[in-house]
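# An overview of the molecular structure
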Amino acid sequence: MSGPSLLVLYGSQTGTAQDTAYRIGRQAQRRHLKVRVLPLDGYNVAELISESLVVFVCSTTGQGDPPDNMKNFWRFLFRKSLPVGSLSCLDCAVLGLGDSSYPKFNFVAKKLHKRLLQLGAGMLIPVGLGDDQHDLGPDAVIDPWLRSFWEKVLVLYPSVSNMEPLREDEPLPPSYTFQFLDEETDQTEVLLRINSEQTGPSEFRPFPARMLSNRRVTEPSHFQDVRLMEFDISGSNIEFAAGDIVRIRPQNSAEDVQLFCQLLRLDPDSRFTLRATDDAPVPARLPQPCSVRHLVERYLDIAAVPRRSFFELLSGFATNELERDKLAEFSSAAGQDQLHSYCNRPRRTALEVLSDFPHTTAEIKVDHLLDLFPEIQPRSFSIASSLKVHPNRLQILVAVVLYRSKLFKPRRGLCSSWLASLDPEQGEVRVPLWVKKGSLRFPKELETPVILVGPGTGVAPFRSALQERVSEGKTANVLFFGCRSESKDFYFRSEWEDMMKAGNLRLFTAFSRDQEEKVYVQHRVRENTALLWELMTNKNACFYIAGNAKQMPAAVCDALKEALQQEGGVSAEEAEQMLAAMEKTGRLQSETWS
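Throughout this document, residue positions are counted from 1 along each chain, in the order its sequence is written. In view of the model being predicted, local features appear only for residues whose pLDDT reaches at least 70, and side-chain atom pairs are presented and counted only at 80 or more, with totals across whole chains, interfaces and linings using the full set of residues. With hydrogens and water excluded, all non-hydrogen atoms of the structure serve as input to the side-chain values.

- For the protein, an unreviewed UniProt entry supplies the name NADPH-dependent diflavin oxidoreductase 1 and the organism Ataeniobius toweri.
- UniProt positions are given in the numbering used here, feature names are shortened, and annotations may be inferred rather than shown by experiment. Within the UniProt record for the protein, the comment given under Subcellular location (unreviewed entry) is "Cytoplasm, Perinuclear region".
- According to the UniProt record, the Catalytic activity (unreviewed entry) comment for the protein is "2 oxidized [2Fe-2S]-[protein] + NADPH = 2 reduced [2Fe-2S]-[protein] + NADP(+) + H(+)".

Written out as structure tokens, the structure reads:
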């Protein structure tokens with residue numbers, strides 16, 4: 001290999017930035033560049049001063065936060081002690097992946113770009129800002145951004161342009177090779193691995209919590225199945241406070257595992273060890289050795305809607321002309337609208353794609369499985385209980401995702417459907433989980449009021465907060481709760497009524513479908529402007545919003561601005577500034593999801 005060495009560093013929360021980073025890595029391999037692709041926290045950031053060419057790919061999470069696997073890098077990079085010109089030998093580019101429905105769209109990429117410039121790095125091209133909200137997804141930005149990047153690299157490094165790139169349909173070597181084992185070798189090694197790696201709950205060593213109950217909390221006639229689930233975390237050393245979240249990694253259904261093994265002619269009970277084809281470590285979550293069933297059930301994300309990279313890689317196996325042409329179209333920039341019509345819009349899964357391309361699927365070699373299919377990502381749930389009220393217990397409120405697209409089979413959320421299928425009354429059920437700090441922080445002062453706006457399952461973190469606050473004698477609590485119907489999906493009604501009777505809660509409800517005109521939480525906020533003004537200006541109240549990111553958070557903030565204008569006699573601009581100041585000091589916080 002000749003030419004420069006490329007380093008691709010990514011910060012990824014849901015796997016999209018990781019997928020894009022590996023796509024860039026494959027493009028570099030096809031151009032005969034030596035390339036490394038690493039998570040930002042898996043790289044020694046002190047070595048950045050000796051790198052010559054780096055691409056940063058990063059997403060933005062929560063309210064403008066960096067992903068978990070780049071937080072250490074983030075802290076290091078923003079040290080004030082770093083010299084201004086310390087990265088003057090570095091040529092780099094930053095690609096951000098975000099969602100413009102959130103106020104801090106691509107905040108991490110923008111801030112990283114600015115910081116690298118401050119440290120003297122040379123930016124090859126402007127920062128790329130991919131957007132999930134675009135009709136064609138982030139690829140609408142990524143494709144032209146990558147073209148510009150490679151054009152710039154070819155100008156800077158003429159040796160690269162002198163070499164003919166590998167064809168797109170030419171398969172690259174697999175990242176790992178599978179070595180299948182006989183039964184005896186296998187069992188011994190599994191026992192050794194289990195005994196040697198006992199650590200506390202974390203992503204790689206979650207705690208197997210026993211599910212105690214899995215109760216539907218919506219009326220049977222209601223269209224939405226919502227569950228309150230309780231887990232026993234005794235002996236786990238897990239601690240959490242109001243606002244924290246629990247992470248759960250789901251499993252593929254037995255039906256999907258069986259179909260996958262049939263399509264690829266794999267024996268689910270066969271066992272193997274993995275060997276990396278370069279210096280890369282074996283995935284930490286896979287036992288060595290591992291069964292095919294374990295790999296497919298717990299690791300490969302076969303039930304997800306596949307990304308474009310899946311079709312790019314799949315096309316390398318195609319021998320059937322019809323299938324090869326269709327896969328080539330789906331892999332091309334010009335074919336993205338067709339790919340979205342086929343895959344994204346109807347939410348077709350990777351497993352269904354394999355069924356649609358039987359000749360190509362029959363050609364897939366087992367060594368390529370970990371390149372083709374991403375790892376199943378953990379899902380986050382707001383914890384809906386307090387340890388002060390429920391010691392050694394952890395509760396979550398889960399809306400089971402089930403809907404129809406143009407495809408015959410209903411679409412199901414992998415994690416919610418898996419959790420809903422578990423029945424602790426039929427025998428012991430254990431769910432591997434771990435806890436991490438959430439973005440919401442509640443006031444420690446006894447007298448500081450809280451105003452909580454949590455429609456639907458957005459009320460979950462506020463149940464935890466109210467249980468905790470009431471147990472500590474904090475009685476200045478206001479909750480705005482909204483749902484469709486008082487009789488069908490009024491979560492935790494009896495608990496709120498008990499708190500109200502005890503003088504610990506003021507509750508305002510909005511049941512959107514119980515009358516002709518729809519009523520939402522923002523309407524109730526508008527109706528109580530005097531109370532909100534009194535609590536926020538005279539008692540320094542903190543205001544919280546949790547729930548779906550689509551329209552509700554913006555509508556609630558608009559209602560809050562109107563309250564400030566109406567009661568305080570301030571202008572729209574001043575009201576905007578007041579909210580910005582509250583957000584900066586932590587008195588206005590939100591936790592939303594799309």
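## Side note on the overall build of the protein
- Strands are runs of DSSP state E lasting at least two residues, helices are runs of H or I lasting at least four, and both sets are numbered from the N terminus onward. Along its length, the protein carries 21 helices and 22 strands.
- The globule rule used here is 2.2 Å times the number of residues to the 0.38 power, and the radius of gyration it is set against is calculated over C-alpha atoms. For a compact globule of 594 residues, the expected C-alpha radius of gyration is about 25 Å, and the protein comes in at 26 Å, within 12% of that figure.
- We call a residue buried when its accessible area falls under 20% of the maximum for its residue type, exposed when it is over 50%, and partly exposed in between, using a 1.4 Å probe and counting protein chains only. Sorting the 594 residues of the protein into buried and exposed places 51% on the buried side.
- Should any heavy atoms of two residues lie within 4.5 Å, those residues are counted as being in contact. Of the contacts formed within the protein by residues at least 6 apart in sequence, a portion of 77% connects residues at least 24 apart.
- In the form shown here, the protein has an accessible surface area of approximately 28,000 Å², with 50% of it arising from carbon and sulfur atoms.
- Charged residues are defined here as Lys and Arg on the positive side and Asp and Glu on the negative side; His and the ends of the chain fall outside this count. Taken as the charge centre is NZ of Lys, CZ of Arg, CG of Asp or CD of Glu, depending on the residue. With 70 positive and 76 negative side-chain charges, the protein shows a separation of 3 Å between the mean positions of the two kinds. With residues, only the protein chains shown are counted as cover, and all accessible areas are computed by Shrake-Rupley using a 1.4 Å probe.

## Topic: the sheet that holds strand β18 (residues 450–453)
- Any two strands between which DSSP finds at least two bridges are classified as paired. Spatially, five strands are ordered β20-β19-β18-β21-β22 in an open sheet, and the strand pairing comes out parallel. Edge strands, defined here as strands with exactly one partner in the open sheet, are β20 (506–511) and β22 (588–593). Adjacent strand axes in the sheet meet at a mean angle of 10°, parallel and antiparallel pairs treated alike.
- Where strand β21 (residues 542–548) meets β22, six bridges bridge the pair, whose relative direction is parallel. Residue pairing in the sheet places I545 in a bridge with S590 of β22. Note on geometry: axes are lines fitted to C-alpha atoms, helical ones only across the stretch in contact, with angles between N-to-C directions running from 0 to 180 degrees.

## Brief notes about the pairing of strand β10 (residues 245–248)
- Alternating positions in β10 separate into two faces, I245 and R247 on one and V246 and I248 on the other, with burial throughout.
- In this sheet, strand β13 (residues 379–382) lies alongside β10 in antiparallel orientation, the contact comprising four bridges. Note that in β13 the partner of V246 across the bridge is F381.
- Pairing of β10 with strand β17 (residues 430–436), which is carried by four bridges, proceeds in the antiparallel orientation. In the strand pairing of β17, R247 is matched with W434.

## Description of the UniProt feature "binding site: FAD" (unreviewed entry) in the protein
- Under the feature "binding site: FAD" (unreviewed entry), the UniProt entry names R347, R379, S380, F381, S382, G413, L414, C415, S416 and W593. Spanning 247 residues, the named residues do not form one spatial group; their C-alpha atoms are separated by as much as 25.5 Å.
- Position of S380 relative to the elements: it lies in strand β13.
- Setting aside its immediate chain neighbours within four residues, S380 contacts I245, V246 and R247.
- Two N or O atoms count as a polar contact when they lie within 3.5 Å, although within protein this holds only if one can serve as hydrogen donor and the other as acceptor, and sequence-adjacent residues are included solely when both atoms are side-chain atoms. Among the polar contacts made by the side chain of S380, one reaches the side chain of R247 at a distance of 2.7 Å.
- A relative accessible area of 6% means that S416 is categorised as buried.
- In this view, S416 contacts V398, A399, V400 and V401; residues no more than four positions away in its chain are not counted.
- Separated by 2.9 Å, the side chain of S416 and the backbone nitrogen of V401 make a polar contact.

## As for the nonpolar core
- Put simply, buried Ala, Val, Leu, Ile, Met, Phe, Trp, Tyr and Cys residues joined by side-chain atoms within 4.5 Å make one nonpolar core. Of all hydrophobic cores here, the largest spans 39 residues; its most connected members are F260, L295, L369 and F373.
- Residues within four places of L369 in sequence aside, it is in contact with F178, F260, L264, L266, L295, L300 and I364.

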